[in-house]
Amino acid sequence: MKIITPSIIGKSLSYPAYREFITNALENAPFVLDLDQSYLEYAILNEARVKRLDKTLSVSTQNQEVLQGLQGDFIWLVISESWCGDAAQILPMLYKLSLCNDNIDLQVVFRDQNLELMDAFLTNGARSIPKLIVVNKQTLEVEGVWGPRPKLAQDIVESYKLKHGAFDKEGSTELQLWYTKDKGKAVEQEIVDLMLCISKKE
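All values reported here derive from a predicted model rather than from experimental measurement.

## Considering the overall build of the chain
When you go through the chain residue by residue, the secondary structure sums to nine helices and five strands. Along the chain, helices and strands appear, N-terminal first, in the series α-β-α-α-α-β-α-β-α-β-β-α-α-α. Relative to the 2.2 N^0.38 estimate, which gives 17 Å for 202 residues, the radius of gyration of the chain is 17 Å and therefore close to what a compact globule would have. Expressed as a percentage of contacts within the chain between residues at least 6 apart in sequence, the contacts between residues at least 24 apart total 77%. Accessible surface for the chain amounts to roughly 10,500 Å². Of this, 52% is attributable to carbon and sulfur atoms. The centroid of the 22 positive side-chain charges in the chain is displaced by 4 Å from the centroid of its 28 negative side-chain charges.

## A look at empty space enclosed by the protein
Applying the stated criterion across every chain, the model contains one cavity of 30 Å³ or more. Estimated volume of the largest cavity: approximately 100 Å³. Along the wall of the largest cavity there are 15 residues; nearest its centre are Y18, R19, N46, V50 and S82.

## Regarding the nonpolar core
In this structure, W76, L94, L97, L132, V134, I191 and M195 are the most contacted members of the largest nonpolar core, which totals 44 residues. Looking at this core, the element that brings in the most residues is helix α9 (residues 185-201), giving seven residues. Those residues within four positions of I191 in sequence are excluded, and the remaining contacts are W76, L94, L97, L132 and W146. Core analysis: the next-biggest nonpolar cluster, separate from the first, contains 16 residues, I75, C84, V135 and L140 among them.

## Some thoughts on the packing of helix α4 (residues 61-68) against α9
Two numbers describe how α4 lies on α9: the axes approach to 10 Å, and their chain directions differ by 25 degrees. Classified by the interaxial angle, the pair formed by α4 and α9 is roughly parallel. The element α4 and its partner α9 pack so that their crossing is left-handed. Here N63, V66 and L67 of α4 come into contact with α9, specifically with E188, Q189, V192, M195 and L196.

## Structural notes on the pattern of salt bridges
What the rule picks out here adds up to eight salt bridges. Ionic pairing is found between R111 and D112, a salt bridge with its closest N-O pair at 2.8 Å. Exposure remark for R111: the relative accessible area of 15% places this residue in the buried category. Because the salt bridges share partners, they merge into one network encompassing R19, E47, K51 and D54.

## Remarks on the side chain of E81
In this fold, E81 is placed in the loop between β2 (74-80) and α5 (85-98). No salt bridge forms around the buried E81; measuring N to O, its nearest opposite-charge neighbour R111 is 5.3 Å away. When residues no more than four places from it in sequence are discounted, the contact partners of E81 are Y18, A87, F110, R111, D112 and I129.

About the thresholds
- Residues numbered from 1 in each chain as written.
- Predicted model: local features only at pLDDT ≥ 70, side-chain atom pairs only at ≥ 80, totals over all residues.
- Heavy atoms only, no water.
- Helix = DSSP H or I, 4+ residues; strand = E, 2+ residues; numbered from the N terminus.
- Rg over C-alpha atoms; globule rule 2.2 N^0.38 Å.
- Contact = heavy atoms within 4.5 Å.
- Areas by Shrake-Rupley, 256 points an atom, 1.4 Å probe, with all protein chains shown as cover.
- Lys, Arg positive; Asp, Glu negative; His and termini not counted.
- Charge placed at Lys NZ, Arg CZ, Asp CG, Glu CD.
- 1 Å grid on protein atoms, 1.4 Å probe; cavity = no way out; pocket = protein on both sides within 12 Å on 5 of 7 lines; lining within 4 Å.
- Points joined across faces, edges and corners; volume = space filled by probe spheres on them.
- Core = buried A, V, L, I, M, F, W, Y, C linked by side-chain atoms within 4.5 Å.
- Buried < 20%, exposed > 50% of the residue type's maximum accessible area, 1.4 Å probe, protein only.
- Axes fitted to C-alpha atoms, helices over the stretch in contact; angles between N-to-C directions.
- Parallel < 35°, antiparallel > 145°, perpendicular 65-115°, else oblique.
- Left-handed = near helix turned anticlockwise from the far one by under 90°.
- Salt bridge = Lys/Arg side-chain N within 4 Å of Asp/Glu carboxyl O.

In structure tokens:
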């Protein structure tokens, strides 16, 4: 059975449409996001982060050229949610990367409305997001998967869990500080490396 179907693609949103939906919901009708108060607070915090990152992140000239030279047509299908701190840090860079090649189409789907899809791409048994699924636009075959965070960020999470037993609010603050200092460069390089590997298989 094919994992990625036209129906799933049809339910996805372009990044600008996704951003417009979240922004309008938070400003006018947050109930449509169907979040309890604590998750709504995260969504509001992430809105400010994403607005800043959309303006400040950039792709290096070298990696722009690499992505421009890729062969093939791709959909980058990202499973995400507005309350996810990792997604807020990562989605803006994924969008900047997708803009480097007209044959890369970034689309976003909500995790909690697509649990069957999410459960096909678990991370160590967990519904961790964001999850990037690289899809061949013609065949809808999955060419590669990435996420929920770059290796250096994952190392911070695993190290913190090992030391403290669980990843709590202080751990999340430490992770967000790392993202701020990194400025999306780890995500940028890992995605470029992934696409180079995929391109060699084409």
